[in-house]
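Residues per chain, in single letters:
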Amino acid sequence: MAAAGPVQGLKVGCIGAGKMAQGVLGGLILGGKVSVQDITVSAPTDTNLQYFQDQGCNTTHSNISVLYEARVVFLATKPHVLPQVLVEIAAALTADHVIVSMAAGVSLQTLEKLVPRGVRILRMCPNLPCVIQEGAMVFSRGPGAGQEEADMLKDLLSGCGMCEEVPESYMDIHTGISGSGVAYVYLFAEALVEGAVKMGMPSAISSRIAAQTLLGAAKMMLETGEHPAKLRSDVCTPGGTTIHGLHELEKGALKATVMNAVEAATKRARDLDKR
Ligand SMILES: NC(=O)c1ccc[n+]([C@@H]2O[C@H](COP(=O)([O-])OP(=O)(O)OC[C@H]3O[C@@H](n4cnc5c(N)ncnc54)[C@H](OP(=O)(O)O)[C@@H]3O)[C@@H](O)[C@H]2O)c1
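Residues numbered from 1 in each chain as written. Predicted model: local features only at pLDDT ≥ 70, side-chain atom pairs only at ≥ 80, totals over all residues.

For this particular structure, what's the right way to read the overall build of the protein chain?
Helix and strand content of the protein chain: 12 helices and eight strands. Across its three principal axes, the protein chain shows a C-alpha extent of roughly 70 × 40 × 35 Å. In the protein chain, which comprises 275 residues, the proportion classed as buried is 34%. Restricting the contact set of the protein chain to residue pairs at least 6 apart, pairs at least 24 apart contribute 66%. (Helix = DSSP H or I, 4+ residues; strand = E, 2+ residues; numbered from the N terminus. Buried ≥ 20, exposed ≤ 12 C-beta atoms within 10 Å, placed from the backbone. Contact = placed C-beta atoms within 7 Å.)

Help me understand the site of the ligand, please; the structure alone is not making it clear to me.
Every one of the 28 residues lining the ligand counts as a neighbour, but Gly16, Gly18, Asn48, Ala103 and Ala104 are closest to it. Of all elements in the fold, only α1 (19-30) and α2 (46-55) reach the threshold of two or more residues within the shell around the ligand. If one sorts the elements of the shell around the ligand by residue count, α1 sits on top with three residues. Along the lines of polarity and charge, the residues of the shell around the ligand split into 16 nonpolar, 10 polar and two charged. (Near = placed C-beta within 6 Å. Nonpolar A, V, L, I, M, F, W, Y, C, P; charged D, E, K, R; others polar.)

For this particular structure, what's the right way to read the nonpolar core?
Note that soluble globular proteins tend to have their nonpolar side chains buried in a common cluster. By size, the foremost hydrophobic cluster in this structure holds 58 residues, and its most contacted members are Val41, Leu75, Val100 and Met137. Here this core gets six residues from one element, more than from any other, and that element is α1. Not counting chain neighbours up to four residues away, the residues in contact with Val41 comprise Gly13, Cys14, Ala17, Ala21, Leu25, Leu49, Phe52, Cys57 and Thr59. (Core = buried A, V, L, I, M, F, W, Y, C linked by C-beta atoms within 7 Å.)

Help me out: how do you make sense of the pairing of strand β4 (residues 72-75) in this one?
Two faces belong to every sheet, and in a regular strand the side chains alternate between them. Of the two faces of β4, the one carrying Val72 and Phe74 and the one carrying Val73 and Leu75 are both buried. As defined by bridge partners, β4 adjoins strand β5 (residues 98-101) across four bridges and the pair is classed as parallel. Looking across to β5, one finds that Phe74 is bridged to Val100. On the question of chirality, the crossover connecting β4 to the parallel β5 by way of helix α4 (residues 82-89) is right-handed. (Pairing = 2+ DSSP bridges. Right-handed = clockwise from strand over helix to strand, strands pointing away.)

I keep staring at the sheet that holds β4 and nothing clicks. Help me out?
Hydrogen bonds along the backbone pair up the strands of a sheet, which may run parallel or antiparallel. The eight strands lie next to each other as β3-β2-β1-β4-β5-β6-β7-β8, forming an open sheet whose pairing is mixed. Among the strands making up the open sheet, the edge pair consists of β3 (58-60) and β8 (161-165). Pairwise comparison of adjacent strand axes, ignoring direction, gives a mean angle of 20° for this sheet. The pairing of strand β1 (residues 12-15) with strand β2 (residues 39-42) spans four bridges and is classified as parallel. (Axes fitted to C-alpha atoms, helices over the stretch in contact; angles between N-to-C directions.)

For this particular structure, what's the right way to read unusual backbone geometry?
With the exception of glycine, the majority of residues adopt a negative phi angle, and the majority of peptide bonds are in the trans configuration. One non-glycine residue with positive phi stands out, namely Gln133, at about 60°. Mapped onto the fold, Gln133 is located in the loop between β6 (120-125) and β7 (135-141). Its 15 C-beta neighbours within 10 Å are what place Gln133 among the partly exposed residues. In this model, Ala253 sits at a positive phi of 55°, which is unusual for a non-glycine residue.

Hey, could you run me through helix α6 (residues 147-157) in this one?
Since one α-helical turn is 3.6 residues long, residues separated by three or four positions face the same way. For α6, every residue scored as buried is listed here: Glu149, Met152, Leu153, Leu156 and Leu157. Buried residues of α6, seen end-on, are gathered within an arc of 120° and therefore sit on one face of the element. Of the exposed residues in α6, the ones pointing more than 90 degrees away from its buried face are Gln147 and Glu148. Those residues of α6 hidden inside the fold are in contact with α1, β5, β6, β7 and β8. (Arc of directions from axis to C-beta.)

Right, here's the structure in full:
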């Protein structure tokens, strides 16, 4: 399948129109992967559908209509709503459909039980920066989905950021490191800003500098492919400012605390998965 340009004539649907639907479908549109007139989105109210109407997509309050219009259908409701949605649309699901669930904590096994046999299912895990095409996404295939569906999904999502296929057991770890990880990074950014404010720099400029520092550090990690420990040690001049700062972070057990946070969020995601 082509790596760029719209997937010719592909009709894409989305059930649910909230933050993640807007992020992922918005990325598809911005990436030029699907034409807006080939997208149909459903939700019970117009609150979030307005975004898609403004883009020129088709919108509806009927979930089942999405199945009649689209071949690839994203499921973007909250996890607890998803089972009833799948029961509602089951009669319209065919072997031509490719279903992509983005609901956190709903396993492929659970999804498979809720759809007729032969329907191809994939499960993806997005994160919030999808909305600015900088997502870190992973996906796994259900038994019905093959290489063709995996390649198609990768191609579609290439407009939303990075996307890798992983074993399903990594999904909850992705939630721990990335879905929730975005919030840890904001907390760290907030701490940088407040430290700078304490030392006398105004908040607005501190925020811009903190954000660009995180962006620059992240880009260096991606572009050099180096382990973060190597990049960190490169910044440390013997007896210099950075090692003094890092010593304080070590005293506060930053690394162990963040590792605990990834572990806690992953375990919580696993618990939700088991419900
Ligand atoms: N937010 C994240 O960072 C993140 C990360 C990873 C995965 N996810 C997953 O992404 C999914 C969506 O999350 P979100 O943050 O986008 O939620 P959200 O903003 O609350 O959006 C939920 C959408 O579902 C719609 N909806 C509710 N009941 C429905 C029904 N019966 N049929 C069809 N649509 C229905 C809502 O309709 P209205 O517009 O009428 O309210 C809304 O458009 C969740 O399963 C979540 O686990 C989110």
